[in-house]
Amino acid sequence: MALTLLCFAALLAVLRPAWPTLAQARRQWVSGGMLHGGYLGCLFAAIKLGVPAGLAALIMGMQPLLTALISWRLGEKRFRAIQWLGMALGLAGTALVIVGSKGVALVGGAGAAFVIAGLLLITGGTLYQRYRGGGAHPVAGAFHQYLSALAVTGALALLFERGVPVVWSGEFIFALGWSVTMLSVLAVLLLLRMLRDGDVSRVAAYLYLVPGLTAVQAWWLFDERLSPAAMGGIVLAAVGVALVLRGGDFRLPGRPASGGRA
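Residues numbered from 1 in each chain as written. Predicted model: local features only at pLDDT ≥ 70, side-chain atom pairs only at ≥ 80, totals over all residues. Heavy atoms only, no water.

Regarding the overall build of the protein chain
Then, in step 1: Looking only at helices and strands, the protein chain has 11 helices and 0 strands in total.
Then, in step 2: Its helices and strands in sequence order give the protein chain the pattern α-α-α-α-α-α-α-α-α-α-α, from N to C terminus.
Then, in step 3: Out of the 262 residues in the protein chain, the part that is buried amounts to 38%.
Then, in step 4: Taking the intrachain contacts of the protein chain between residues at least 6 apart in sequence as the baseline, contacts between residues at least 24 apart amount to 87%.
Then, in step 5: Looking at the protein chain as shown, the accessible area adds up to about 14600 Å², and 70% of this sits on carbon and sulfur atoms. (Helix = DSSP H or I, 4+ residues; strand = E, 2+ residues; numbered from the N terminus. Buried < 20%, exposed > 50% of the residue type's maximum accessible area, 1.4 Å probe, protein only. Contact = heavy atoms within 4.5 Å. Areas by Shrake-Rupley, 256 points an atom, 1.4 Å probe, with all protein chains shown as cover.)

Now the structure itself:
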C-alpha cells in the first residue's frame with residue numbers, strides 16, 4: 001500500500017489534477033478502506049488460514065451477482081431476463097473453471113468467515129464508489145483510497161505481524177512489483193474509469209472472466225493442464241458476460257449513447 005501510494009503521488013506530481021474537496025476525500029477514504037484495505041486484507045487472511053485459493057475465488061465469484069441484486073434493489077435500473085441469465089451463466093462458468101482446476105476444498109471456521117467478509121466488502125466498496133465516490137479525479141481519488149488502505153492495513157500489520165520476517169527474493173520482489181504497478185495502479189485506474197462511465201452491474205460482470213483467464217495463464221506459463229470442465233467453464237463465463245453486456249443500452253467511454261444496443 002505504501003509503494004502504491006508513492007506511485008500515485010508521482011502521478012499527481014506529473015498530471016496535477018484538481019485536488020478533491022474534503023467531502024470528496026472522505027468518500028474516497030470509505031471506498032478505499034473497503035476495496036483495498038478490507039477486501040484484500042480479508043482475502044489474504046483467509047488464504048493464510050488455509051482456505052484454498054480456488055475456493056476463495058469461487059466465493060468471490062458471487063460478487064457480480066450480489067452487486068447486480070443490490071443495485072437492482074436500489075433502483076439503479078431494471079434488468080432484463082437475459083442479463084439475469086448472463087449473471088447465472090457467469091457464476092456457473094466460474095464454478096466449472098475452479099472445479100475443473102481442482103481448486104475447491106471444504107473449509108470452515110475463521111477462514112470461511114474472512115472470505116465472506118471480503119465478498120461483502122468488495123461488493124459494498126464497489127457500490128459505494130459508484131453511487132457516492134464520483135466527482136474526484138481518478139488519480140487523486142485513488143491516492144486518497146490508498147491513503148485509507150495504508151492506514152487500515154498498517155494498523156493491522158502492527159497489531160498482528162510484529163516480528164514476522166520478510167524473506168527477500170527475486171520472486172518476491174517481482175510479485176510485489178507486479179502487485180503495485182499492474183494491479184494496484186493500472187487495474188484500479190481502469191476500474192474507476194469503468195465505474196464512472198458504465199453501470200456497476202456490467203463492470204462487476206467482467207470479474208467472471210478472471211478465473212478463466214487465470215487458468216489459461218497457468219496453462220501457458222506453468223504447464224498446468226486444462227480439464228474439459230475448466231475449458232467449458234471459460235466459454236460459459238464468457239457467454240455470461242456477453243449476455244450481461246448486450247442485455248441493454250451500453251455506450252463506450254467517451255461516446256454518446258446511440259439509443260440501440262451495442
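Let us keep going from here.
Structural notes on helix α2 (residues 22-48)
Given 3.6 residues to a turn, an α-helix orients residues that are three or four positions apart in the same direction.
Then, in step 1: Between its terminal C-alpha atoms α2 stretches 36 Å, which fits the 39 Å expected from 27 residues at 1.5 Å a residue.
Then, in step 2: A bend of about 35° at Gly 33 is the largest found in α2. (Expected span 1.5 Å × (residues − 1). Bend = angle between axes of the 7 residues up to and from the residue.)

Brief notes about helix α7 (residues 138-160)
Then, in step 1: A rise of 1.5 Å per residue sets the reference length of α7, with its 23 residues, at 33 Å; its end C-alpha atoms lie 32 Å apart and thus fit the reference within 8%.
Then, in step 2: Buried within α7 we find Pro 138, Val 139, Ala 140, Gly 141, Ala 142, Phe 143, His 144, Gln 145, Tyr 146, Ser 148 and Ala 149.

Details of the UniProt feature "transmembrane region" (unreviewed entry) in the protein chain
Then, in step 1: The UniProt record annotates "transmembrane region" (unreviewed entry) at residues 39-60, 81-99, 105-128, 140-160, 172-192, 204-222 and 228-245.
Then, in step 2: As annotated, residues 81-99 has a helix share of 100% and a strand share of 0%, and its two end C-alpha atoms lie 27 Å apart. (UniProt positions renumbered as here; feature names shortened; annotations may be inferred.)

Side note on the side chain of Ser 148
Then, in step 1: Among the secondary structure elements, Ser 148 is positioned in helix α7.
Then, in step 2: Residue classification places Ser 148 among the buried positions, given a relative accessible area of 13%.
Then, in step 3: Only 2.7 Å separates the side chain of Ser 148 from the backbone oxygen of Trp 29, close enough to count as a polar contact.
Then, in step 4: In terms of polar contacts, Ser 148 uses its side chain to reach the backbone amide nitrogen of Gly 33, at 3.3 Å.
Then, in step 5: Beyond its immediate sequence surroundings of up to four residues, Ser 148 is in contact with Trp 29, Gly 32 and Gly 33. (Polar contact = N/O pair within 3.5 Å; in protein donor to acceptor, adjacent residues only side chain to side chain.)

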